[in-house]
Amino acid sequence: MKKGCTVANSYKQTMNLPRTDFAMRANLPENEPKRLQYWNDIDIYAKVLEKNKDNAPFILHDGPPYANGPIHIGHAFNKILKDFIVKYKSMRGYYAPYVPGWDCHGLPIENKVEEQLGEEKMAKIDTATFRKICREYATKQLDGQREGFKRLGVRGEWDNPYLTYLPEYEAGNIEIFKKLYLDGSVYRGRKPIHWCSHCHTALAEAEIEYGDEVSPSIYVKFFFTEMPEVIKEAAEAAGMGDAQSGVVIWTTTPWTLPANQAVCVSPVAEYAVAIVDSQLMVMANELADSVAETAGWGELSFLEKDGEKLIFAGSELAGATYVHPIYADETGVVLTGNHVTMESGTGCVHTAPGHGVDDYNACQAAGIKDIKMPIDDEGRFYAGSCQWEGMTTDESNPVILQDMKDNGSLFASEEIVHSYPHCWRCKQPIIFRATPQWFCSVDSFKDDAIAACEDVRWVPSWGKDRMRSMILERTDWCISRQRRWGLPIPVFYCKDCGKPVCTEESIEAVANLFEEKGSNAWFDMDAADILPKGFTCPHCGKA
């Protein structure tokens, strides 16, 4: 080869390279939308369904997202995985339609609308207008989410989704309520439920999240009105027959003490009587050392009988009465309860039936029906209810502690970090308070739900045990909410006798109304215009 000569692309000519129309770069931001548009233009979803229409079906039931904001990585993860499955089944030849949906009611949407309107407008707005704004907001958000899901390449019936605010869907909900009510599964009661003071509404168990909170941990003396027989003989033998005696309770919610009505002990656990400052204080034997350490008592002395520590079952304390630690003119009673454990505390459980489910159940079983509950919807003590009126539960804690220090009933307190329930939406700590609510009795269909688990193939297999356990432990479901954007409980109240009116005929009238006009009609119309002509109260017989 002569100097200065070049052979252009000599190696290129010797290579057998494939020829293709593919671009060297994927350029996805530009090409993906084109590909999605092409699939849309040829209606690939309908074509696949048509091809497999005579084959075995595969139905994926889509749990709907809330229509309350743009999609995020959680939405993408959920929808893409579902799309994998539906497309895979379609490619296997199954008839696999996918109907997406949105939950268009509820607290998440209501919270967003409240944030947009602000407190001043919210204080003035009427229910009908507020619901109209919520619907508009939900529609706008679901439209945005729909485009986001389509951009991810998810195939489905995007022009025919199920939306919970559609009249036919709302009417279907009322029909289900009718069946549950007529079967005796729905009832109205006043018992403790999860309550969010920030959102001003009851919450179901599934709407609760747990997180750490710093709370006061306190030990309080509840002095007996009269020394129980089980300790009297030993006390007299020790020359302490006239000594003050009582039980020691432990709690992390001082604000519930004004509503105390009982103390629960384990019927089978062993209890002992510690001698502290010439007072006889009953506590669980196995927890006494930890109580003494917290209180700084040092080594404890115990009441003895025949030269040995006096030990007795908690059941022997049942029926003993005590003076309320705050209200000297009120008394409470000692009850037994299987919910009392020896994991922490003193083995003597402060019991306020207005603020705890176990407390409520124990008091109901003992015939204590008149429940104290001095806390309002905002988490404040009712005006006129006590000396802490107007205070929030958190604000009242240090004041209540000081009051008990002053009267000698508080003997130890500290702050602890522990797991505590929070509202799933606002993330604020919730409280328990007894309020009139509508409940669905899970017991009425719990056996059917357990049996249904056996008809399902679980992947992974441990899912069945987890579901069974969850169903077995589930308590009655609180179905009422103190909010405006949602389906109302289809119950009327008689203007004459004041009793709730709910019959097959009245529920059917509501279902028909919702199917024709949607649930907003409930808030726009009078009861007389909703109920059938000539309808009368089943309780008093008046129109």
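Residues numbered from 1 in each chain as written. Predicted model: local features only at pLDDT ≥ 70, side-chain atom pairs only at ≥ 80, totals over all residues. Heavy atoms only, no water.

Trainee: Which residues make up the overall build of the chain, and what values go with them?
Mentor: Counting its regular elements, the chain contains 15 helices and 21 strands. Relative to the globule expectation of 24 Å for 543 residues, the C-alpha radius of gyration of the chain, 33 Å, shows a markedly less compact shape. Summarising its shape, the C-alpha atoms of the chain cover approximately 120 × 90 × 50 Å along the three principal directions. Intrachain contacts of the chain at a sequence separation of at least 6 include 76% that bridge at least 24 residues. Per element, the accessible surface of the chain, about 30200 Å² overall, is 50% carbon and sulfur. When the 56 basic and 78 acidic side-chain charges of the chain are each reduced to a single mean position, those positions are 15 Å apart. (Helix = DSSP H or I, 4+ residues; strand = E, 2+ residues; numbered from the N terminus. Rg over C-alpha atoms; globule rule 2.2 N^0.38 Å. Contact = heavy atoms within 4.5 Å. Areas by Shrake-Rupley, 256 points an atom, 1.4 Å probe, with all protein chains shown as cover. Lys, Arg positive; Asp, Glu negative; His and termini not counted. Charge placed at Lys NZ, Arg CZ, Asp CG, Glu CD.)

Trainee: Provide a residue-level description of a negative patch on the surface, including the pertinent values.
Mentor: On the surface, Glu233, Glu236, Asp242, Glu304, Asp306 and Glu308 cluster together into a negatively charged patch. As for its position among the elements, aspartate 242 is in the loop between helix H7 (229-237) and strand E6 (245-251). (Patch = residues over 30% accessible without salt bridge, like charges linked within 9 Å, V, L, I, M, F, W, Y side chains within 5 Å. Salt bridge = Lys/Arg side-chain N within 4 Å of Asp/Glu carboxyl O.)

Trainee: Explain the packing of aromatic side chains to me, using residue names and the numbers behind them.
Mentor: Applying the stated criterion to the full structure yields 14 aromatic pairs. Pairing tyrosine 219 with phenylalanine 411 gives two aromatic rings, centres 6.0 Å apart and planes at 40 degrees, and the pair type is tilted. Of the two residues, tyrosine 219 sits in strand E5 (residues 208-223) while phenylalanine 411 sits in strand E17 (residues 410-423), which places them 192 residues apart along the sequence. Accessibility assignment for this pair places tyrosine 219 and phenylalanine 411 in one class, buried. When the ring centre of phenylalanine 302 is taken as origin, the NZ or CZ atom of lysine 309, which lies over that ring, is 4.1 Å away. (Phe/Tyr/Trp six-rings, centres within 6.5 Å; stacked < 30°, edge-to-face > 60°. Buried < 20%, exposed > 50% of the residue type's maximum accessible area, 1.4 Å probe, protein only. Lys NZ or Arg CZ within 6 Å of the ring centre and 35° of its normal.)

Trainee: Could you give an account of helix H4 (residues 107-124), naming the residues involved and the relevant values?
Mentor: Compared with the 26 Å implied by 1.5 Å per residue over 18 residues, the 19 Å span of H4 between its first and last C-alpha is markedly short. Considering only its buried residues, H4 is in contact with helix H5 (127-151) and strand E4 (201-203). (Expected span 1.5 Å × (residues − 1).)

Trainee: Tell me about the environment of cysteine 537, residues and numbers included.
Mentor: Locating cysteine 537 in the fold gives a position in the segment after helix H15 (527-530). On the accessibility criterion, cysteine 537 (5% relative accessible area) is buried. Distance in space between the C-alpha atoms of cysteine 537 and valine 48 is 55 Å, their sequence separation being 489 residues.

Trainee: Provide a residue-level description of the nonpolar core, including the pertinent values.
Mentor: By size, the foremost hydrophobic cluster in this structure holds 60 residues, and its most contacted members are Tyr271, Phe312 and Met404. With 23 residues, the next largest nonpolar core counts Ala96, Tyr98, Val113 and Trp485 among its residues. (Core = buried A, V, L, I, M, F, W, Y, C linked by side-chain atoms within 4.5 Å.)

Trainee: So what's going on with a nonpolar patch on the surface? Residues and values would help.
Mentor: Side chains of Phe77, Leu81, Phe84 and Ile85 sit close together on the surface and give an oily, nonpolar patch of about 420 Å² of accessible area. Position of phenylalanine 77 among the secondary structure elements: in helix H3 (residues 73-91). In this structure phenylalanine 77 comes out as exposed when scored by relative accessible area, which is 59%.

Trainee: Mind laying out the side chain of arginine 131, listing which residues take part and the relevant values?
Mentor: Locating arginine 131 in the fold gives a position in helix H5. One buried charged residue, arginine 131, forms no salt bridge at all, with the nearest opposite charge on glutamate 170 at 4.7 Å. Filtering out sequence-adjacent residues up to four positions away, arginine 131 remains in contact with Arg484, Trp485, Gly486, Ser519, Asn520 and Phe523.

Trainee: Help me get a handle on the sheet that holds strand E16 (residues 348-351), residues and values and all.
Mentor: Sheets are built from strands paired through backbone hydrogen bonds, the pairs being either parallel or antiparallel. Taken together, four strands build an open sheet; the order of strands is E14-E15-E7-E16 and the sheet is mixed. The open sheet has two edge strands, strand E14 (321-323) and E16, and neither has a second partner. The mean angle between the axes of side-by-side strands here comes to 30 degrees, regardless of whether they run parallel or antiparallel. Here four bridges tie strand E7 (residues 262-265) to E16, and the two strands are oriented antiparallel to one another. By the bridge assignment for E16, valine 265 is matched with cysteine 348. Against the sheet, helix H9 (residues 357-365) engages E7, strand E15 (331-336) and E16, with an angle of about 90 degrees to E16. (Pairing = 2+ DSSP bridges. Axes fitted to C-alpha atoms, helices over the stretch in contact; angles between N-to-C directions.)

Trainee: Break down the sheet that holds E4 for me, citing the residues and quoting the values.
Mentor: Overall, antiparallel pairing links the four strands, which are arranged E4-E3-E18-E19 in an open sheet. Here the strands that pair on one side only, and so sit at the sheet edges, are E4 and strand E19 (477-478). Sheet topology places strand E18 (residues 431-440) next to E19; two bridges connect them, and they run antiparallel. Note that in E19 the partner of cysteine 440 across the bridge is tryptophan 477.

Trainee: Describe the pattern of salt bridges, and please don't skip the residues or the numbers.
Mentor: Inspection of the entire model under this criterion finds 28 salt bridges. Across the pair aspartate 143 and arginine 146 runs a salt bridge whose closest N-O atoms are separated by 2.5 Å. Of this pair, aspartate 143 and arginine 146 are both found in helix H5, three residues apart, which corresponds to roughly one turn of the helix. For aspartate 143, a relative accessible area of 33% translates into the label partly exposed. Close ionic contact of glutamate 378 with arginine 380 constitutes a salt bridge, the shortest N to O distance being 3.8 Å. Here glutamate 378 falls in the partly exposed class, since its relative accessible area comes to 44%. Shared partners join several salt bridges into a network, and the residues in it are Asp62, Lys79 and Lys82.

Trainee: A description of unusual backbone geometry should follow, citing residues and the corresponding values.
Mentor: Cis geometry is found at the peptide bond from valine 459 to proline 460, where omega equals 0 degrees. Even without being glycine, aspartate 43 reaches a positive phi, approximately 55 degrees. Mapped onto the secondary structure, aspartate 43 falls in the loop between helix H1 (28-41) and helix H2 (44-51). Relative accessible area serves as the criterion here: at 40%, aspartate 43 is assigned to the partly exposed category.

Trainee: Just give me the short version of the confidence of the model for the chain, but keep the residues and values in it.
Mentor: For the chain, the average pLDDT comes to 92, and 98% of its residues sit at 70 or higher. Averaged pLDDT values over the elements of the chain bottom out at 87 in E19 and peak at 97 in H2. (pLDDT = per-residue confidence, 0-100.)

Trainee: Residues and numbers for the pairing of E15, please.
Mentor: Of the pairings in the sheet, the one linking E7 to E15 comprises four bridges and is parallel in character. Counted as the bridge partner of valine 265 is threonine 336 from E15. Here three bridges tie E14 to E15, and the two strands are oriented antiparallel to one another. For tyrosine 322, the partnering residue across the bridge sits in E15 and is glycine 332.

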